[in-house]
Amino acid sequence: MARITIFPLPGAVLYPGLQLPLHIFEPRYRAMVSDALARDRRIGMIQPQRPQEGAPLYAVGCLGRIGDVEALEDGRFNILLTGELRFRVLRELDVTTPFRQVEAELLPDREDEVLAPIERASFEREAKRFADAQGYAVDWDQVGRLDDQSLINGVSQIAPFDAAAKQALLEADSLPLRCELLVQLMQFFGRRSDDGDDEGVTLQ
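Summarised in this report is the structure supplied together with it.

Cut-offs applied
- The residue count restarts for each chain, going from 1 along the sequence in the order it is written.
- Side-chain atom pairs in this predicted model are given and counted only at pLDDT of 80 or more, local residue features only at pLDDT of at least 70, and totals for whole chains, interfaces and linings cover all residues.
- Values shown for side chains rest on all heavy atoms present in the structure; no hydrogens or waters enter the calculation.
- Nonpolar cores are built from buried Ala, Val, Leu, Ile, Met, Phe, Trp, Tyr and Cys residues. Side-chain atoms within 4.5 Å join them into one set.
- The cut-offs for exposure are 20% and 50% of the maximum accessible area for each residue type, with area from a 1.4 Å probe on protein chains only; residues under the lower value are buried, those over the upper are exposed, and the others partly exposed.
- Secondary structure counts use DSSP, requiring at least four H or I residues in a row for a helix and at least two E residues in a row for a strand, with both numbered from the N terminus.
- Residues count as neighbours in contact if any of their non-hydrogen atoms are within 4.5 Å of one another.
- The pairing test for Phe, Tyr and Trp rings, Trp by its six-membered ring, is centres within 6.5 Å, and the orientation test on the planes gives stacked under 30 degrees, edge-to-face over 60, and tilted for anything in between.
- The pairing criterion for strands is at least two bridges between them, as found by DSSP.

1. Description of the nonpolar core
No. 1: Of all hydrophobic cores here, the largest spans 24 residues; its most connected members are Phe123, Ile152, Phe161, Leu182 and Met186.
No. 2: For this core, the elements supplying multiple residues, two or more each, are α2 (117-134), α4 (148-158), α5 (163-171) and α6 (175-194).
No. 3: When residues in this core are grouped by element, the largest group, seven residues, is from α6.
No. 4: Beyond its immediate stretch of four places on either side in the chain, Phe123 contacts Leu151, Ile152, Val155, Cys179, Leu182, Val183 and Met186.
No. 5: Within the second largest apolar cluster, 18 residues are counted, among which are Ala12, Ile43, Phe77 and Ile79.

2. Structural notes on the packing of aromatic side chains
For any pair of aromatic rings, the description rests on two quantities: the centre-to-centre distance and the angle between the ring planes.
No. 1: This model, assessed by the stated rule, comprises five aromatic pairs.
No. 2: Pairing Phe7 with Tyr29 gives two aromatic rings, centres 4.5 Å apart and planes at 45°, and the pair type is tilted. With a gap of 22 residues between them, Phe7 in strand β1 (residues 2-8) and Tyr29 in helix α1 (residues 27-38) connect regions that are remote in the sequence. A single burial state applies to Phe7 and to Tyr29, both of which are buried.
No. 3: Relative to Phe189, the ring of Phe161 has its centre 4.9 Å away and its plane inclined at 15°; by these criteria the two rings are stacked. With Phe161 in the loop between α4 and α5 and Phe189 in helix α6, the pair connects residues that are 28 residues apart, well separated along the chain. Like Phe189, Phe161 is buried.
No. 4: Site record: aromatic cluster; members linked through ring pairs are Phe130, Tyr136, Phe161, Phe188 and Phe189.

3. A closer look at the pairing of strand β3 (residues 42-46)
No. 1: Taken across its five residues, β3 has four buried, putting it largely inside the fold.
No. 2: Of the pairings in the sheet, the one linking β1 to β3 comprises three bridges and is parallel in character. Paired with Ile6 across the strands is Gly44, a residue of β3.
No. 3: Pairing between β3 and strand β4 (residues 60-71): four bridges, direction antiparallel. Pairing of Arg42 across the sheet is with Arg65, part of β4.

If you want it as structure tokens, here you go:
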């Protein structure tokens, strides 16, 4: 178990091995970053279930380590967070700090997981169809050079899905399961877009 300082941010997910740039401006989160820098440089990214203050948290987030830091004169920060491990919230702690903290179970991911060739091909085919439908410009040669984890987790992190869909991807317990869900989500949201109904298809 671990005690984790959390940054609850709707629509923002982080995966192990990937990076997330953040602009920190609220006083409580400036205090959070200052505290993390004085300790172990780690904070947990997690989505709240609603955008309201103090809303319940989703069950799974990702612990990140603060790398690059730009401290601005007015107290704000620009930081680059690198994902280390997913975690599952066991309980929220009663704390006196302005930022929230949880007790959590760390969830080691299998770094050696790969996709079957047919899974990779199915994903790339659906990704091309989705990107074309959305009007995204993608360097597919560069995509083809990515390893399976970087590809699937990277697309999951930046995909233009709603918060619940992005959370479901984060909670998937294996790379093949995440890949399968990602294909289903691209098909689902792609159909909604084709129908002219883009409610819930939001760029986070």
